[in-house]
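The lines below spell out each chain.
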Amino acid sequence: MKLQRKNRRALALGAIAFSGALALTACGSDDTGNSNGGDATTNAQAGSIKCDDAKGQLLADGSSAQKNAIDAWVKQFSAACKVQINYKGGGSGAGITAFNQGTVAFAGSDSALKPEEVTESKKVCSGGQGIDLPMVGGAIALAYNVEGVDNLVLDAPTIAKIFSGKIKTWDDAAIKKLNPDAKLPSTKIQAFHRSDESGTTDNFTKYLGAAAKADWTYGDGKAWAAPGGQAASGSSGVAQSVKQTSGAISYMEESYAKEMSTVAIDTGAAEPVKASSDSATAAIADAEVVGTGKDLALEINYNTKADGAYPITLVTYEIVCDKGNKAETLPTVKAFLTYIASEEGQGILADNSYAPIPDEIITKVRTTIAGLS
């Protein structure tokens, strides 16, 4: 409760920040963060951002799940600091690969670096290594397209059977049992998964492995391993596929599921829980920091039964070198990360369907950013 009260105060301030981002959108900002102008409200908001020695252009890549948040942040930061930031959003796997090849200043990933990836990062982080900084929280929504069904409850075993092809139609007995009042059609289930390596896939399959061990035997990871189903690229790709396909269901970061029907999950709590900023923050507050040194990787409790906590929750990390960052990009990286980890920056998240990182964790992130070299 303490974490949630603190975050609600942060969200109130964030609403002001987000109004500035919307104003920039209306004034024609492009995808790389260049602004064609801005009104007095936007300029006043942008003026509160500390640019320090930020300059030039910054290249980044990674998680598509956080791209909507990054875009909102970039519009604010670029207006204040006249810096061009190009975040490609090609997926977590692509981001980590680019980071370890030294072609981007930072990467975004919905999964913490693996030991072998940390080892690889030491080649580009002179005297240091890549570290994970939790920056964006979000619920992984299960969006579906079933005519006549506006409310749908599923539990972990049923979800596992749907995505492994064992449950094939929407009027299956297991789904009926969870939704006794719904008019479920005999429509064939079209389950979509990510075709690219994705931290969202990694978190979703970790949830299935933790909460439905008997029904999910395909392990976890960024690459989809279960048989069957259909594939689409990126969060936007699976979202579009669900919108266009009758009987479809897929997993995606909540911000991509706007104006779509989403599943409420029966976790064993008092009531089924739907994906939202508040329910994701409640789950992240139950996470444990498992990273060592300056690394702040978290372990999510996918088996949570706490009231109001949504179990399929991801945390997106910004991956940077703790030491050995390139001299020409370090000031810009630090200034941008300092802004997005600030109370103002975190406040933007809820208005964009993301969850702020709880205060106890984001405070550690701010300290770590200040010490980057």
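Refer to the preceding data block for the structure.
For the structure given in this document, a descriptive report is provided here. Since the structure is predicted, the reported quantities are computational estimates derived from the model, not experimental observations.

## Regarding unusual backbone geometry
Located in the positive-phi region is Asp52, a residue other than glycine, with phi close to 50°. Within the secondary structure, Asp52 is located in the loop between α2 (40–46) and β1 (57–62). The exposed category is assigned to Asp52, whose relative accessible area is 66%. Positive phi values are uncommon outside glycine, yet Ser353 reaches one of about 65°. Of note, Ser353 is situated in the loop between α12 (343–351) and α13 (359–370).

## Details of the state of the cysteines
Overall, the coordinates contain two disulfides when judged by the stated rule. In this model, Cys51 is linked to Cys81 through a disulfide, with the two sulfur atoms separated by 2.0 Å. Measuring the twist about the S-S bond at about -90°, one finds the Cys51-Cys81 disulfide to be left-handed. Here the residue Cys51 occupies a position in the loop between α2 and β1, and Cys81 occupies one in helix α3 (residues 67–81), the gap between them amounting to 30 residues.

## Overview of helix α4 (residues 92–100)
For α4, a buried count of seven out of nine residues is recorded, marking the element as mostly surrounded by other parts of the structure. The set of residues buried in α4 consists of Ser92, Gly93, Gly95, Ile96, Ala98, Phe99 and Asn100. Lining the buried residues of α4 we find β1, β3 (106–109), α5 (115–121), β4 (130–145), α8 (199–211) and β14 (313–321).

## Examining the side chain of Ser277
Assignment of secondary structure puts Ser277 in helix α10 (residues 277–284). Its relative accessible area of 11% is what places Ser277 among the buried residues. Reaching out from Ser277, the side chain makes a polar contact with the backbone oxygen of Tyr354 at a distance of 2.6 Å. With residues near it in sequence (within four places) discarded, Ser277 still touches Glu254, Ala350, Ser353, Tyr354 and Ala355.

## Focus on the packing of helix α11 (residues 330–341) against α12
Following both chains from N to C, one finds α11 and α12 inclined at 60°, their axes separated by 4 Å at the closest point. Judged by the angle between their axes, α11 and α12 are oblique. Contact with α11, carried on its side by Tyr339, Ile340 and Ala341, involves Glu343, Glu344, Gly345, Gln346 and Ile348 of α12 and no other residues of that element. Taken together, the residues that form the contact of α11 with α12 break down as four nonpolar, two polar and two charged.

## Section: the nonpolar core
With 98 residues, the main nonpolar core has Trp73, Phe77, Met135, Phe163, Ile249 and Leu337 as its most contacted residues. Beyond its immediate stretch of four places on either side in the chain, Leu337 contacts Leu133, Met135, Glu318, Val320, Ile369 and Leu372. The next biggest cluster of nonpolar side chains, apart from the first, holds ten residues, and it includes Ala107, Leu113, Cys125 and Cys321.

## Quick notes on the sheet that holds strand β5 (residues 153–154)
With mixed pairing, the three strands of this open sheet are ordered in space as β5-β10-β11. Each end of this open sheet is capped by a strand with a single partner; those strands are β5 and β11 (273–274). Where strand β10 (residues 264–265) lies against β11, two bridges are found, and the strand directions are antiparallel. Considered in β11, the bridge of Ile265 is made with Val273.

Criteria and thresholds
Residues numbered from 1 in each chain as written. Predicted model: local features only at pLDDT ≥ 70, side-chain atom pairs only at ≥ 80, totals over all residues. Heavy atoms only, no water. Helix = DSSP H or I, 4+ residues; strand = E, 2+ residues; numbered from the N terminus. Buried < 20%, exposed > 50% of the residue type's maximum accessible area, 1.4 Å probe, protein only. Disulfide = S-S within 2.5 Å. Contact = heavy atoms within 4.5 Å. Polar contact = N/O pair within 3.5 Å; in protein donor to acceptor, adjacent residues only side chain to side chain. Axes fitted to C-alpha atoms, helices over the stretch in contact; angles between N-to-C directions. Parallel < 35°, antiparallel > 145°, perpendicular 65-115°, else oblique. Nonpolar A, V, L, I, M, F, W, Y, C, P; charged D, E, K, R; others polar. Core = buried A, V, L, I, M, F, W, Y, C linked by side-chain atoms within 4.5 Å. Pairing = 2+ DSSP bridges.

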